[in-house]
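Next come the chains, spelled out residue by residue.
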Amino acid sequence: MRLGIGTILAAALFSGACAQSPEMKVIRAAAGAMGGKDRIQAVKTLVIEGEGPAPNLGQNVTPDGDLPVWMVTEFKRTIDFANGRMRTQQLRTAQFLFALATVQRQNQGLDGDVAYNLNLDGLATRASDAAAKDRRIEMLHHPLTILRAALDPSTKLSSMHQQPTLDVVGIVTAKGDRLVLTVDRTTHLPATVSSLSYNENLGDVLTETSFSDYRDVGGLELPFRLTTKIDKYPQFDLHVSKYAVDADAGDLAAPEAVKSAAPPVAPPISVTAEPVGKGIWWLAGSGNHRSILFEFDDHLTLFEVPLNEARSLAVIAKARSVVPGKPLTQAIVSHHHFDHSGGLRAAVAEGLTIITYRGNVEFFKDLVARKHSIVEDELAKNPKSMNIIPVDDELTLKDSSMEVRLYHVIDNPREGTLLFAYVPRDRLLVQADLYDSAWTQHPWADNFRWNLEHRGLKVDKDVPVHGAIQSYADVLKTIASTTSRSTQTAGAGK
Ligand SMILES: [Zn+2]
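Here is a short report on the structure shown in this document. Here the structure is a predicted model, which is why all the values come from computation and not from measurement.

### Some details on the pairing of strand β3 (residues 85–94)
Moving on, step 1. Burial analysis of β3 places eight of its ten residues in the buried class, the great majority of the element.
Moving on, step 2. Judged from the nine bridges that link them, strand β2 (residues 69–80) and β3 form a sheet pairing that is antiparallel. Paired with Arg-77 across the two strands is Thr-88, which belongs to β3.
Moving on, step 3. Linking β2 to β3, which pair antiparallel, is a turn of four residues; within it Gly-84 sits at a positive phi near 65°.
Moving on, step 4. Here nine bridges tie β3 to strand β4 (residues 103–111), and the two strands are oriented antiparallel to one another. The residue of β4 that forms the bridge with Arg-92 is Gln-104.

### Points about the sheet that holds strand β17 (residues 300–303)
Moving on, step 1. Judged by pairing direction, the sheet is mixed, and its seven strands sit side by side in the order β14-β15-β16-β17-β18-β19-β20 without closing on themselves. Strands with a single pairing partner mark the edges of an open sheet, and in this sheet they are β14 (271–277) and β20 (388–391). Taking each pair of neighbouring strands and ignoring which way they run, the sheet shows an average axis angle of 25°.

### A look at unusual backbone geometry
Moving on, step 1. Backbone geometry places His-188, a non-glycine residue, at a positive phi of 65°.
Moving on, step 2. Residue placement: His-188 occurs in the loop between β9 (178–184) and β10 (190–199).
Moving on, step 3. You can call His-188 partly exposed: its relative accessible area is 30%.
Moving on, step 4. Phi is positive for Arg-427, which is not a glycine, with a value near 50°.

### A few points about the nonpolar core
Moving on, step 1. Ile-27, Ile-40, Leu-144, Leu-147, Leu-181 and Tyr-243 are the most contacted members of the largest nonpolar core, which totals 49 residues.
Moving on, step 2. Among residues more than four places away in sequence, those in contact with Leu-147 are Ile-27, Ala-30, Ala-31, Met-34, Ile-40, Leu-181 and Pro-190.
Moving on, step 3. Leu-300, Leu-302, Val-315 and Leu-344 belong to the second-largest nonpolar core, a separate cluster that totals 32 residues.

The rules behind these values
Residues numbered from 1 in each chain as written. Predicted model: local features only at pLDDT ≥ 70, side-chain atom pairs only at ≥ 80, totals over all residues. Heavy atoms only, no water. Buried < 20%, exposed > 50% of the residue type's maximum accessible area, 1.4 Å probe, protein only. Helix = DSSP H or I, 4+ residues; strand = E, 2+ residues; numbered from the N terminus. Pairing = 2+ DSSP bridges. Axes fitted to C-alpha atoms, helices over the stretch in contact; angles between N-to-C directions. Core = buried A, V, L, I, M, F, W, Y, C linked by side-chain atoms within 4.5 Å. Contact = heavy atoms within 4.5 Å.

Printed below as a string of structure tokens:
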């Protein structure tokens, strides 16, 4: 299924399908099953309300474990077809331990090519062009919108073929968005919509929304369950409670100030190098994902190649400039969460040996092997095999210049594959995700302290991947002063 649809999406679509084409026959039959072509094309607005779980990709306890889930309630998507506008509002509540706001209200808009987010006070700010494209495609992951698009004379249809119970049609919209629609050959109702996109960790990924539980809504057959997955991972399982067709959609236009503002671009990447001990540097700078550099007799070792290729290549270049003449040969990847393994492929492309917990090895092999053709990253351009050193319970890296001990974090409720580092000479702790000075709560602080005690470690200073460098005394003070606030509300997300 995945390969077939990917091939269709990747294929250039040459012929505009005429009214009698096999593609258009499938589309017209689907339109008929949903209430008729004219009825579908006459719809001006659609409001979808409901709720359901939205798993958090790349944040599971172990690579094969279930994803942690945001429970989405008060979901309301309003689509204004005539003006190409959409607004999605939702409340999401973390069903997992989380160190920031566990209740978040989100309010996101799309007006043509302009995406925007509204904060709790209703103040709108422009979102990126990538967000606009994502939302435009998300809008098409619904039977009504995809059929309206397919019936549009400027849309190209192609590649009609049959699967055992489905008819499959490739769709390229006037804006160049490529999707695949499958239609149930018995009921003629749309079964799925798929699209390809690029994910920094997973590479080329297929997002597929399945439609079921069709019911009559004022003469239209509409699905009351929309289940979306990205690659093999569940993304959102929307149970619709209510549709409103041609209700007053309100004004979904982006405010003038938003439209005239330039779309935000990613801030420039900077990497600083702060010495934190003899032969140890904290590589901070832009963002909140830092790396730590260790100097051994004849080589350098990085702790963490985080976030994505751009950040990690900048970190690697900085590491090499801090100690010129000594080769950087190793990268410790603290755990598999996507923001921490985002530089894995870059590190492999740069020839670094990966050191990580054994439970990450198979997953990392898969990440290195995945196809990155929509965006060709360094590893796609220059394929290399991965050298990997698995760590079981602990591993000591030691020569006459440096000793770094790596320990697996035991029994943490959020991190099953996490390694932290300890430098005995300086009583220095290097860790990711066990503690961040900026967290509003520390739900696994007891486990953090227990892991240090369990290893018999005396810590003077915490040099973290996230947050500020602090004395361990200040770490304990921060934890103690941060009351466990389980319910907070934040504004629009990304
Ligand atoms: Zn993290």
